[in-house]
Amino acid sequence: MSVQTHIDASADTPDRAIRSRRSGCRVGYGVQMDDALMRRIARARRVDAMMTGVFTAIGGFFLLLIVALAAYIVITGLASYYPGVLSCGPMGIGNQIFNTVYLVFLSLMISAGLGLPAGIYMAEYAPDNKVTAFIRVAIESLSSLPSIVVGLFGYMAFVYMVGLHANIFAGALSVSILNLPLVTTETEAAIRSVPRAMADGSAALGATHWRTIVRVLVPAGLPHIVTGVMLAAQRAFGEAAALLMTSGQGTAIDWSNWDPFYANSPLNFFRSGETLAVHVWIRRTTGQLPFLGFDSNANAAFTAAVLVLIALFFSICVNAMTKYVHARQSGLTKKEPAARRAFIKSKRCASIASECSLEPERRASDEND
């Protein structure tokens, strides 16, 4: 209102007063819009801060829940330690530790050997048609199958119909069925996440499509691919339902004979192989075993702690290897000579300095244009 009165008082003629009133209305309306805009910005900032706090609290809660659960399992399990628990006898879990690592290794060889080429095909070669869409739906449906269903299928396909008893190889095949969709989708997503300009640049240099995939796309998406393989390994470590009917509920290993064709050889994957997860289920369901001289609940608690520690150790090792390989591909590793690292750093600094020195000239040319 003060702007309106000031403009009206400074008007000399009625026409100018009318124009001033109109101008004043425009000025007043602009001031009101500025205030509304500022209020909207302040409200948006408050909502953003509130939602950031909410999601941070939710993420922190689940993170603390996972850490607390893992700490409880590890602390309770280590407190249940008794002499001979790590042995390979009936009171120990040495055989189960070896069976778990062996089965995870076999399952990763199968799932990665089939999932990586399948993901590359879906990302680079598969045409965009109804058949490809049906394959994607089949992969998604396969990833949603319950473990017990896969276990029943594995028992029928890899044990009963073949005429064998429960064995490690049948368990590895069953776990691979569960992990194959995960590895395939993660590999496809990793290949698609690489900027297309990198593939186009490789093709412009004369590289073939396959060479571009092997030398450019797969190395660039390696961290994402390794993440999918690591998730598959973690699922194999903790899988129990699918292995109850396929890998067996007992184990007998003769550590003095490493012939793969010997029935009780550690390397024979057609023998029965009880894993740590299956061992925990058996010990929790059988209750006390006084005739063996130990508490099965304590044995199960310590087995669960060992399983968590092995999975954690595997994750740390895989992450370290991925960072090392990524650093090697980037050209900077701790093992490289210091002179080379200093040279690369100086070249990067020189490039940044040249860009900064050319910036005023670019601005001047843009202004002239």
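Refer to the structure printed above.
This write-up is about the structure you can find in this document. (Residues numbered from 1 in each chain as written. Predicted model: local features only at pLDDT ≥ 70, side-chain atom pairs only at ≥ 80, totals over all residues. Heavy atoms only, no water.)

Here we come to the overall build of the protein. For the protein, the count of helices and strands is 13 helices and zero strands. From first element to last, N terminus to C terminus, the protein shows the α and β order α-α-α-α-α-α-α-α-α-α-α-α-α. Of all 369 residues assigned to the protein, the portion counted as buried reaches 33%. Long-range contacts, defined here as pairs at least 24 residues apart, represent 71% of the contacts in the protein between residues at least 6 apart. Within the structure as shown, the protein displays about 22,500 Å² of accessible surface, and the carbon and sulfur contribution to it stands at 68%. (Helix = DSSP H or I, 4+ residues; strand = E, 2+ residues; numbered from the N terminus. Buried < 20%, exposed > 50% of the residue type's maximum accessible area, 1.4 Å probe, protein only. Contact = heavy atoms within 4.5 Å. Areas by Shrake-Rupley, 256 points an atom, 1.4 Å probe, with all protein chains shown as cover.)

This part takes up a nonpolar patch on the surface. Taken together, the side chains of Val47, Met50, Met51, Val54, Phe55, Ile58, Phe61, Phe62 and Leu65 make up a nonpolar region of the molecular surface, amounting to roughly 850 Å² of accessible area. Along the polypeptide, Leu65 turns up in helix α2 (residues 14-79). In this structure Leu65 comes out as partly exposed when scored by relative accessible area, which is 46%. (Patch = residues over 30% accessible without salt bridge, like charges linked within 9 Å, V, L, I, M, F, W, Y side chains within 5 Å. Salt bridge = Lys/Arg side-chain N within 4 Å of Asp/Glu carboxyl O.)

Applying the stated criterion to the full structure yields three salt bridges. In this structure, the salt-bridge partner of Glu188 is Arg192, at a minimum N-O distance of 3.2 Å. Of this pair, Glu188 and Arg192 both sit in helix α6 (residues 168-193), separated by four residues, roughly a single helical turn. The exposure class of Glu188 is buried, given its relative accessible area of 9%. If you follow the salt bridges from partner to partner, you end up with Arg136, Glu188 and Arg192 in one network.

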